[in-house]
Amino acid sequence: MIDREQVLHVARLARLELDDQEVARMVGELSDVLDHIERIGELDLEGVAPTSHVVEVANALRQDEPRASLPPEVALGAAPEVEAQGFSVPSPQA
Amino acid sequence: MSYEPVIGLEIHVQLATRTKMFCGCALTFGEPPNTRTCPVCLGLPGALPVANAAAIHFGLMIGEALGCRLAPRSIFHRKNYFYPDLPKGYQISQYDEPLCLGGQLGDVRIHRVHLEEDAAKLVHASSSGRIHESRASVVDFNRGGTPLAEMVSEPDLRSAEQAREWLTLRCAVTPTSRCAARAPPSWAPRPS
Amino acid sequence: MSAPTDLTAAQAVDALGRGELSAGELFAAYRERAAADDLNAFAWVADETPARGAVEGPLRGVPIAVKDLFCTEGVPSQAGSRILEGYRPPYTATAVERLLGAGATLLAKTNQDEFAMGSSNENCAFGPVLNPWSRECVPGGSSGGSAAAVAAGLAPWAIGTDTGGSNRQPAALCGIVGLKPTYGAVSRYGMIAFASSLDQAGPLTRDVTDAALLLRHMVGRDPCDSTSLAFPEEIATPTAERLDGIRLGVPEELSGEAEGIEPGVQEAFERTLRTAEELGATVETTRLRHAEHGLSAYYVLAPAEASSNLARYDGVRYGLRAGKANDLVSLYTRTRHEGFGPEVKRRIMLGTFALSSGYYDAYYARAQKVRTKIAQDFATAFERFDFIVTPTAPTVAFGLGTKVADPLAMYLNDYCTVPMSLAGLPAISIPNGLAVPPQGGQVGLPTGFQIAGPAFSENAILDAAHALEGAIGFDAGGGRA
Ligand SMILES: [Zn+2]
């Protein structure tokens, strides 16, 4: 179960604007899905190690050797707004 | 009533690698903005990080020098938050399995040393040049992804003066860092 | 001689090698077909035949369709999302690069569910893809454009990605072959991330031989993907016609009408089990005790990883930026509001919730433990069996719009494919005849038969699939009308 307040809180964490209709729908849909998911709460998982990855790869490292960087016009090529050869954003202080 | 200051420090040591923490972009300074970037450090769709072996090695050397326990297994985690200088929406850092644990520098105990990537540079632009008036900022990703060792001390310092003095010792890690070398020989890293 | 587009990719490679066909001619024939696509399978089609003569490399210039989730340099790579509309990346995914290096030519990018989240292709910002067997029906998802294109003969073959069933389920619904390789077998570099610990690229092909040929040129360790592994052997051309001595395990949890498998699909599945026995296999029921919880674990883990992977779409460096945002927070929240579709928003919300403080242990940490149990169940099963077999999807293709309002019903499409994904195991879906849906209908629609094996057992899986394919004798004509 998840209520309206929780939905709004999670949306803030996720930087996601939801309109009123979306919030209402999200409350119902997420609650349904969570009800289903919560069945794993019934399992006895005492002492079971968590799996975050199925393959154990150790020391997959890269040698400290420089590789070519992108030309700045390519790096900035897809940017919605460019200023002074940088990615322009509203100031965090504004 | 009198209060006693209790101070612990988190110190970011920039590691003197040739390339960034998770990509092959060269670490050089004073370049024009956004000339040292690639799909990885720009957080482009589909790009994946690969850790820099030299950064791991330097991190372990710092741990050795500080007498830390070096972790037999160490992993990276994502620290999720939104900010324009953080291209992926998370910083790759270490959480519950850092590279080094414990240790000592001078009279101060070291809690842990872990590796992470630095954020990019956010330049606050405004016609007047004053930050509080600026409406737009500009992101330069040249620095984004620089390898950092974060040293976290225990709260063993008791005054600002003591903290300042202790901080000069951090230069002990100079062979691996960009900090100027002014360390007493006893704090130099032991050869491994 | 038949039309060049009637050839399988392996047959086309042979014809090109013998000089009976030129690469330019083949490409032009497919380009023409792809340009006339009325299934909305493609997001982009090459506008001219690559200007080159004889093509180097073992694939000799055979064209390929690539899911929109793969980055292709200078070519739109939009992940089916408004937020990446028109985005042309400056680099190409390793898996695609390898195929091009082996002599494949890029024919088209295929439509998909947005960021690979979906089982019907209806979550695509550029419109739904239609199933070539019945245009009122979905092709499955999320690699639905790739599957539909191959089934309809608009491309000789395609690649897709499979996180919880996204290659296998659309392959089943479109009557083609879809393979999810062992996790780590194919590089994920340049493949737009959905759920990093589960995502795996794989082939979608007309037959098992093509799947092997395509996979051969996709696998291998990539220094740009820390989780990629060297494949221990070459992917061979499958030749088996018998299944003598092969032990097949049928998990009770993943088959049978009681588990929500449609009667027609179940019937087709059982028919193929008997075929397998006739080919010399033994068939036994077994248990995968935690498999029924696979879907729950998956719908915690995949959204959790997605919520983090999709944080980079913020309107700063590429893609959509919402207008009229004067402050940083509204730039983020509005861009993501406008750029993401309903299913992506749902999963970001679900994942952010599962990772948020106070809920992490109950959801995320628990789901990771369920994942361990599921992997252990498979390991135990593979002590007794060579392969685990199930119906690929519980249903045949369903009507457009019939499940969009009910996320949970949609998620059940992945019921039989998710457990293998969680365990990182290879699994293939092969066409398994037609079945009529329970609500009736004049025509039968394709069903799939899933074969899963231990890590890196792709060669054995392909061999078994090849033997069954021959015995099933599926007629793919209904998709190419
Ligand atoms: Zn870089």
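Preceding block: the structure.
Residues numbered from 1 in each chain as written. Chains lettered and ligands numbered in written order. Predicted model: local features only at pLDDT ≥ 70, side-chain atom pairs only at ≥ 80, totals over all residues. Heavy atoms only, no water.

*Asks:* In this structure, what is going on with the side chain of T92(C)? I would like to understand it.
*Replies:* Residue and element names in this part refer to chain C. Examined against the element boundaries, T92 turns out to sit in the loop between strand 2 (63–67) and helix 3 (94–101). For T92, a relative accessible area of 13% corresponds to the buried category. A distance of 2.9 Å separates the side chain of T92 from the backbone nitrogen of E73, its partner in a polar contact. (Helix = DSSP H or I, 4+ residues; strand = E, 2+ residues; numbered from the N terminus. Buried < 20%, exposed > 50% of the residue type's maximum accessible area, 1.4 Å probe, protein only. Polar contact = N/O pair within 3.5 Å; in protein donor to acceptor, adjacent residues only side chain to side chain.)

*Asks:* So what exactly am I meant to see when it comes to the interface of chain A and chain C here?
*Replies:* How big an interface is tends to be expressed through the accessible area that disappears when the partners come together. Each side of the interface is counted separately: chain A has 51 residues, and chain C has 58 residues. Around 5,000 Å² of area is buried between chain A and chain C when both sides are counted, 70% of it from carbon and sulfur atoms. Contact with chain C buries surface across chain A, with R15(A), E17(A) and I40(A) losing the most and accounting together for 12% of the total. Taken together, the connections running from chain A to chain C amount to four salt bridges. Between E17(A) and R334(C) there is a salt bridge whose closest N-O contact spans 3.5 Å. Between the two partners, chain A and chain C, sit 19 residue pairs in polar contact (both at pLDDT 80 or more). Looking at the side of chain A that touches chain C, the elements that each hand over two or more residues are helix 1 (4–13), helix 2 (20–37) and strand 2 (86–90) of chain A. If you tally residues by element for the side of chain A that touches chain C, the top one is helix 2 of chain A, at 10 residues. (Contact = heavy atoms within 4.5 Å. Buried area = accessible area lost by both parts, 1.4 Å probe. Salt bridge = Lys/Arg side-chain N within 4 Å of Asp/Glu carboxyl O.)

*Asks:* Please explain the sheet that holds strand 5 (residues 177–180) of chain C as it appears in this structure.
*Replies:* Where strands meet in a sheet, backbone hydrogen bonds hold them as pairs that are either parallel or antiparallel. Residues and elements named next belong to chain C. The 11 strands lie next to each other as 1-3-2-4-6-5-10-11-9-7-8, forming an open sheet whose pairing is mixed. Two strands lie at the open edges of the sheet, namely strand 1 (42–45) and strand 8 (282–286), each paired on one side alone. Neighbouring strand axes in the sheet, compared pairwise and without regard to direction, differ in orientation by 30° on average. (Pairing = 2+ DSSP bridges. Axes fitted to C-alpha atoms, helices over the stretch in contact; angles between N-to-C directions.)

*Asks:* In this structure, what is going on with the coordination of the zinc ion? I would like to understand it.
*Replies:* Under perfect tetrahedral coordination by four donors, a metal shows angles of 109.5 degrees; under perfect octahedral coordination by six donors, it shows angles of 90 or 180 degrees. Residue and element names in this part refer to chain B. Within the protein, the zinc ion binds to C23 (SG), C25 (SG), C38 (SG) and C41 (SG); these donor distances fall in the range 2.3 to 2.4 Å. Relative to the metal, the four donor atoms surrounding the zinc ion lie at angles of 103 to 116°, and the coordination shape comes out tetrahedral. Here the donor residues for the zinc ion map to a single chain with the spacing C-x1-C-x12-C-x2-C. Here C25 is found in the loop between strand 1 (10–14) and helix 1 (53–65), whereas its partner C41 is found in the loop between strand 1 and helix 1, with 16 residues between them in sequence. (Donors = N, O, S within 2.8 Å, 3.2 Å for Na, K, Ca; no water. Tetrahedral: all angles 85-135°; square planar, octahedral: opposite > 155°, others 65-115°.)

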